[in-house]
There are 4 protein chains.
Amino acid sequence: MSHFLKNRIKPREINKRASVKAIVEAMGNSAFQGKNISLAHDIWVKMLKDNTTILFGLAGALVPAGMRGIIAYLVKNRFIDCLVSTGANLFHDCHETLGRFHFQGSHEVDDIKLFEKGIDRIYDVFASEKEFRKTDDFIKNWAKGLNPEFVSGKRAITTREFLYRLGEKLSKVSKIEGILTSAYKANVPVYCPAIGDSSIGIALAAGRAEGSSEIQFDLIKDVLETAEIVSRSKSTGVIYVGGGTPKNFIQQTEVTASIISDSVSDGHKYAIQITADSPHWGGLSGCTFKEAQSWGKIARDARSVSLHSDATIALPIIATAVAGSFNVKRRKIPQFILKGDLKMTAPRT
Amino acid sequence: MSHFLKNRIKPREINKRASVKAIVEAMGNSAFQGKNISLAHDIWVKMLKDNTTILFGLAGALVPAGMRGIIAYLVKNRFIDCLVSTGANLFHDCHETLGRFHFQGSHEVDDIKLFEKGIDRIYDVFASEKEFRKTDDFIKNWAKGLNPEFVSGKRAITTREFLYRLGEKLSKVSKIEGILTSAYKANVPVYCPAIGDSSIGIALAAGRAEGSSEIQFDLIKDVLETAEIVSRSKSTGVIYVGGGTPKNFIQQTEVTASIISDSVSDGHKYAIQITADSPHWGGLSGCTFKEAQSWGKIARDARSVSLHSDATIALPIIATAVAGSFNVKRRKIPQFILKGDLKMTAPRT
Amino acid sequence: MSHFLKNRIKPREINKRASVKAIVEAMGNSAFQGKNISLAHDIWVKMLKDNTTILFGLAGALVPAGMRGIIAYLVKNRFIDCLVSTGANLFHDCHETLGRFHFQGSHEVDDIKLFEKGIDRIYDVFASEKEFRKTDDFIKNWAKGLNPEFVSGKRAITTREFLYRLGEKLSKVSKIEGILTSAYKANVPVYCPAIGDSSIGIALAAGRAEGSSEIQFDLIKDVLETAEIVSRSKSTGVIYVGGGTPKNFIQQTEVTASIISDSVSDGHKYAIQITADSPHWGGLSGCTFKEAQSWGKIARDARSVSLHSDATIALPIIATAVAGSFNVKRRKIPQFILKGDLKMTAPRT
Amino acid sequence: MSHFLKNRIKPREINKRASVKAIVEAMGNSAFQGKNISLAHDIWVKMLKDNTTILFGLAGALVPAGMRGIIAYLVKNRFIDCLVSTGANLFHDCHETLGRFHFQGSHEVDDIKLFEKGIDRIYDVFASEKEFRKTDDFIKNWAKGLNPEFVSGKRAITTREFLYRLGEKLSKVSKIEGILTSAYKANVPVYCPAIGDSSIGIALAAGRAEGSSEIQFDLIKDVLETAEIVSRSKSTGVIYVGGGTPKNFIQQTEVTASIISDSVSDGHKYAIQITADSPHWGGLSGCTFKEAQSWGKIARDARSVSLHSDATIALPIIATAVAGSFNVKRRKIPQFILKGDLKMTAPRT
């Protein structure tokens, strides 16, 4: 029989006591996106065993949707080594770490009434605008107390250092384990390439307007640092939850590294994306890893999977299965450390 | 605090030993489609406890994708009471029940080469065209041996009776538990409104062309019978995996029942759909249950959820969780029975 | 420069007086789905010039959405030669041809209130349930008057002949040009593989319930006839608006024809689909024409395009451009004719 | 008859000589997204007549897909008053303005081979990596020649001023009309909130690595300026092509303005989005304007439409129709001007 017809699909009965890990493995015998969820698990475990540096891109309103605990777990246990996020997710992480909440709501509701009640809606999540403004104020007031060089705008700060300091502050005022506090403790660098484009940006704009701070972000150093993380790493793997700025920012590290070192890009060696987007619209968020191979962003022999699913389904399931599969107490941590105001060093030659 | 802000989203850590049932329940504290997967579980369990008649619509190439075992389990254990399917899924069920296979492949492949090798592709599933033709032949030859009234076309046969007889035959020649064999044994009626539109139709067309059978399907009796199932039931619930003909056929039972009995439609009392489609394209497959309420197809106080997910992810997870939650040995079976050539009786008055 | 870099994208300024034909041609210099809309136009024109038999599959609520006039035009002018439709579209065509209407509404509305007012919603289209029931009654009553052999169920009727007779009737009672009346006049065969699954089916079920008719549909003859249309044609082209039963039914003609004639399938030579679905869900509605090539349903050298767009945007634009481009008074009509109760003849050998 | 049933859908025949404007108007009598394309046209024309300040968010690879000419036209003729873009679109605009090209390719291709040939793929668009690097170098070298305060990083530059200067430079070295050159000439401010996340960022990182420039972007001033544009405007309207950072950045202007001025947000008065995303994934890119009303980002009485379509189809058609409908020689330009290094002034009180 043809070599195309080797791996039989194995239709399975239901095992009503199955663990998440077991069902994910069983899905590996199916097809379509069910198979892909299993493949995502396999690739993630492989990355961990290979001691690959794992860069994780986070877009979409996942913290409001209840994913903070899972992402914090991934950070804390070094299932990921570098996080690139939208500003919104980090703002919402602050919000929850400060003891405030998001609420279950409905997408079928009178939004004018919500506005009148001071409630902001994110699909079927509700939150209090007043409470959000308290978190705005927290960020604004904390930023005033940063190193005067930063506050005066004399020296620009990377988003990584800014968020590291914010994680430090949060871990002092709260016992709740958030993403930023976990990242601070685990020395996982967090970048936010569009930090102005979020409530963090709004808070800092309010600080600027009232004359209390003049913070400047060193975006280009963010670009260089992430390229350096890639350059210094034995190999890199990427996990994208949603697309947007975080995905592109991580993808471009390979190009930046190759330009700076004037060498051919190796490409990321492992790649997982969980997306609700499609390739045929032509945008970056839905594009395939094959396309990325033409750019040298993904290695020619990379193991990759594009999983088409809402992340609120796929992320908890995959992360739980990965945690069940990777039975090492403490993951050996890749050999780069980016603390505080670390100076840039020359990229790998 | 506002009554809109009552149910806190509960961001959870990872429990790496969680069962499927446990993670589905935990997802109930999140949002977006993660919450909906949990809601689908809750509604299904409620239907079962309420002794509701459950009609299940099946579209999309789910049997080739490895879902036969799960659907057979649902039928066998009466987690569903009536199945409406595309012809393709039933053909592929025959194929597997006869000991043939679908295979794991890839969607990135040279399809011309596959054609030359006699391999048919369904996204990332491969199968042998030659083997498919054996299943065609099985159906064609079996059909010749049906009751002569049917074979001659003198009496039309409902798709339900045709598929019941096919299940009977399959259960005699194979020990493999398929959908049709399980349905035969569990007395779960199976309808296929577009039976000509599938390899079953092709097989019967080949039989007609060679003069061996003249089978006619009594489509309108299918319509009446399903309306009667609804009329005779205390209450009905619907589960749609994909849209297409099966969804519409089940939805319209409420309208048919109301027209025949000249009464106002009650609407289905419970409703779950797992769909990869969207409402904004205007089609039936992606339409919401709210829209269906305007037609009286869904009850005004129905409990319903539209879950946006690939069924190869959602169905195994939900079905496993439901099996874990509904701990009754044998479900009390709703009070209609449709065996063999059952005559139509008057609908409930 | 590489042969990959030959056709420059030509960014164009706006020509505010452009015709539809001109803008469609200009889009041919762009990319993504804009390019595909232009390609769909090109392929359709090529089919017409090549005197190819064009089979058109129609799914989704396009008649309620205002597309009746366009589809009737395509039929009348033989821009298509065979129509396969969902039952719903044909029911809604009847409804409008009888002088009744669909209305512009909104998808953000209280559906319970609509139900109470007797208004049915199809996304943002409203219609009167009472008026729909008049159209039901028209079909039910007309069906009683068909040839007694059909009414008694003694002889099964193809959906083609049934719809031909219905078109004949409608063209007698109304001057409005609908799809069925145009098809009747232009001798374009119309098939409806899931005719029971629609208000036509409900109307006939009501007739059966009250004892006024026992109509049986000869689904298998539908399968054979469409295979024969393909067999007798020099070449075939397909246009799918939406997926579902119509798409599969037309796709399978190639397989049926090859099985009956025991020859290798040629495959359709031209193929256009307008779809809002995606391949990665694995279903037939979103599958690519490459996948169809593995089955032999699409010719290995076919010209094809999958256009990802809502049909209410793409169909009017493409059809208008095609009408502008194909400047022949009267298209030479392909050499098959299927009128009334035409007997099956042997397929091409 | 019910007031719900007032506006009849008007099924129209094909007018093969129709202009784009005429077909867009005719689509206003249909439903689903066809109706929405017409509505988008109506709202845009209304904005123009109302002398509203129009903010345009641009995401997705639209310049590579051939949309540069259209967007440049919109800028030049002040059909929009402020542009917020991804960095990639502006980089690709530079590339084309410098006389380089994007090419028509295919999404079904061997990407490893493309990589070996130095060709980058964006869905079905190809481009030369070597040529891209020339554009990188152009940006890097030009940046060295900016005002020494900026080059040294002593003073941070807004992305608006940076892009204004870049437009100035491009208009000196090229006669090709690009987006940045048109914006420079028409005094339309252009913002790029994630400027590091693009080849512009890579170019500047290369400059930093070689020690030739230390440019810092004043992201927070971008936030303040855009809030001020909104504050100073009589009313604002938004047009989003794609989602991502540009959409959120424009949406948040209302919140920033309300926080700074300690007043209730009015919300944008007009809103159009062209999106291929869906609301049910919970992200900002696909969210509805109703959701945005809960936040006060969109006015309670706003006229808005979410159009689900690929922008390469919808944008050329709508823009052409708008240009055809708005017959004023020169649009009266809203009363804010942001040139060069304009100082922030107090927001409207």
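Residues numbered from 1 in each chain as written. Chains lettered and ligands numbered in written order. Predicted model: local features only at pLDDT ≥ 70, side-chain atom pairs only at ≥ 80, totals over all residues.

Before going further, it helps to spend a moment on the overall build of chain A. Counting its secondary structure elements, chain A contains 14 helices and nine strands. Relative to the compact-globule value of 20 Å for 349 residues, chain A shows a C-alpha radius of gyration of 21 Å, a close match. Here the C-alpha coordinates of chain A stretch approximately 75 × 55 × 40 Å along the principal axes. For chain A, the residues scored as buried account for 68% of the 349 residues in total. A fraction of 79% describes how many contacts in chain A between residues 6 or more apart in sequence connect residues 24 or more apart. (Helix = DSSP H or I, 4+ residues; strand = E, 2+ residues; numbered from the N terminus. Rg over C-alpha atoms; globule rule 2.2 N^0.38 Å. Buried ≥ 20, exposed ≤ 12 C-beta atoms within 10 Å, placed from the backbone. Contact = placed C-beta atoms within 7 Å.)

Residue and element names in this part refer to chain D. Reading across from one edge, β3-β5-β4 is the order of the three strands in this open sheet, with antiparallel pairing throughout. Of all the strands in the sheet, the pair left with one neighbour each is β3 (103-104) and β4 (119-122). Examined bridge by bridge, β4 and strand β5 (residues 125-128) share four bridges and lie antiparallel to one another. Bridge pairing in β5 links Asp120 to Ala127. Contacts from helix α6 (residues 129-144) reach β4 and β5, with the element oriented near 65° to β5. (Pairing = 2+ DSSP bridges. Axes fitted to C-alpha atoms, helices over the stretch in contact; angles between N-to-C directions.)

A word on the sheet that holds strand β7 (residues 236-241) of chain C. Residue and element names in this part refer to chain C. An order of β6-β2-β1-β7-β8-β9 is seen for the six strands of this open sheet, with the pairing classed as parallel. Both outer strands of the open sheet, β6 (190-191) and β9 (298-308), are each paired with one neighbouring strand and no more. By the bridge criterion, five bridges tie β7 to strand β8 (residues 268-275) in an arrangement that is parallel. Within the sheet, the bridge partner assigned to Gly237 lies in β8 and is Tyr270.

This part covers the relation of the copies chain C and chain A. Put simply, the two copies of the chain differ by a rotation about an axis and a shift along that axis. Of the transformation placing chain C onto chain A, the axial shift is 0.0 Å and the rotation is 180°, giving an RMSD of 0.0 Å. One copy is carried onto the other by what is essentially a two-fold rotation axis. The position closest to the rotation axis in chain C is occupied by the C-alpha of Ser278 of chain C, lying 3.7 Å away. The fraction of interface residues of chain C whose copies in chain A are also interface residues reaches 100%, indicating that both copies meet through the same surface. (Least-squares fit on C-alpha atoms with pLDDT ≥ 70 in both.)

Our focus in this paragraph is the interface of chain B and chain A. Taken together, the contact between chain B and chain A spans 61 residues of the former and 61 residues of the latter. Secondary-structure elements contributing two or more residues to the side of chain B that touches chain A are α1 (20-27), α2 (32-49), α3 (63-76), β3 (103-104), α5 (111-117), β5 (125-128) and α14 (311-325) of chain B. Classifying every residue of the side of chain B that touches chain A gives 29 nonpolar, 19 polar and 13 charged. (Nonpolar A, V, L, I, M, F, W, Y, C, P; charged D, E, K, R; others polar.)

A few words on the relation of the copies chain B and chain A. Each copy superposes on the other: chain B lies on chain A with an RMSD of 0.0 Å after a rotation of 180° and an axial shift of 0.0 Å. A shared interface surface links the copies, since 100% of the contact residues of chain B are contact residues in chain A too.

Bringing the confidence of the model for chain A into the picture now. When the pLDDT values of chain A are averaged, the result is 93; 95% of them are 70 or greater. As scored by the predictor, the complex reaches a pTM of 0.96 and an ipTM of 0.95. (pLDDT = per-residue confidence, 0-100.)

Before going further, it helps to spend a moment on the packing of helix α4 (residues 87-97) of chain C against helix α10 (residues 199-209) of chain C. All names here are of chain C. Viewed as axis vectors pointing N to C, α4 and α10 meet at an angle of 75°, and their least axial separation amounts to 7 Å. Compared by their axis directions, α4 and α10 come out roughly perpendicular. Touching Gly87, Ala88, Leu90 and Phe91 of α4 are Ser199, Ile200 and Gly201, all from α10. Of the residues in the contact of α4 with α10, the class split is four nonpolar, three polar and no charged. (Parallel < 35°, antiparallel > 145°, perpendicular 65-115°, else oblique.)

Between chain C and chain A, the contact holds eight residues from the first and eight residues from the second. Of the residues belonging to the side of chain C that touches chain A, the class tally is three nonpolar, five polar and no charged.

Residues lying three or four places apart along an α-helix face the same way, a consequence of the helix completing one turn every 3.6 residues. With respect to burial, α1 of chain B is a largely interior element, six of its eight residues being buried. For α1 of chain B, the complete set of buried residues consists of Val20, Lys21, Ile23, Val24, Ala26 and Met27 of chain B. On its buried face, α1 of chain B is in contact with α1 (20-27) and α14 (311-325) of chain A together with α2 and α14 of chain B.

What follows deals with the packing of α4 of chain C against helix α9 (residues 179-186) of chain C. Residues and elements named next belong to chain C. The geometry of α4 relative to α9 is characterised by a closest axis approach of 8 Å and an angle of 95° between their N-to-C directions. Here α4 is positioned roughly perpendicular relative to α9, judged by the angle of their axes. Counting all contacts with α4, which are made through Leu90, Asp93, Cys94 and Thr97, the residues of α9 involved are Ile179, Leu180 and Thr181. Split into classes, the residues belonging to the contact of α4 with α9 amount to four nonpolar, two polar and one charged.

This paragraph deals with the pairing of strand β1 (residues 53-58) of chain D. Residues and elements named next belong to chain D. For β1, the buried fraction is high: six of the six residues fall into the buried class. Neither face of β1 is open: one carries Thr53, Leu55 and Gly57, the other Ile54, Phe56 and Leu58, and all of them are buried. When β1 meets strand β7 (residues 236-241), the two strands line up parallel, connected through six bridges. Paired with Ile54 across the two strands is Gly237, which belongs to β7. Bridge count between β1 and strand β2 (residues 82-85): four bridges; the pairing is parallel. Bridging from a neighbouring strand, Leu55 pairs with Cys82 of β2. In this view, the connection linking β1 to its parallel neighbour β2 by way of helix α3 (residues 63-76) has right-handed handedness. (Right-handed = clockwise from strand over helix to strand, strands pointing away.)

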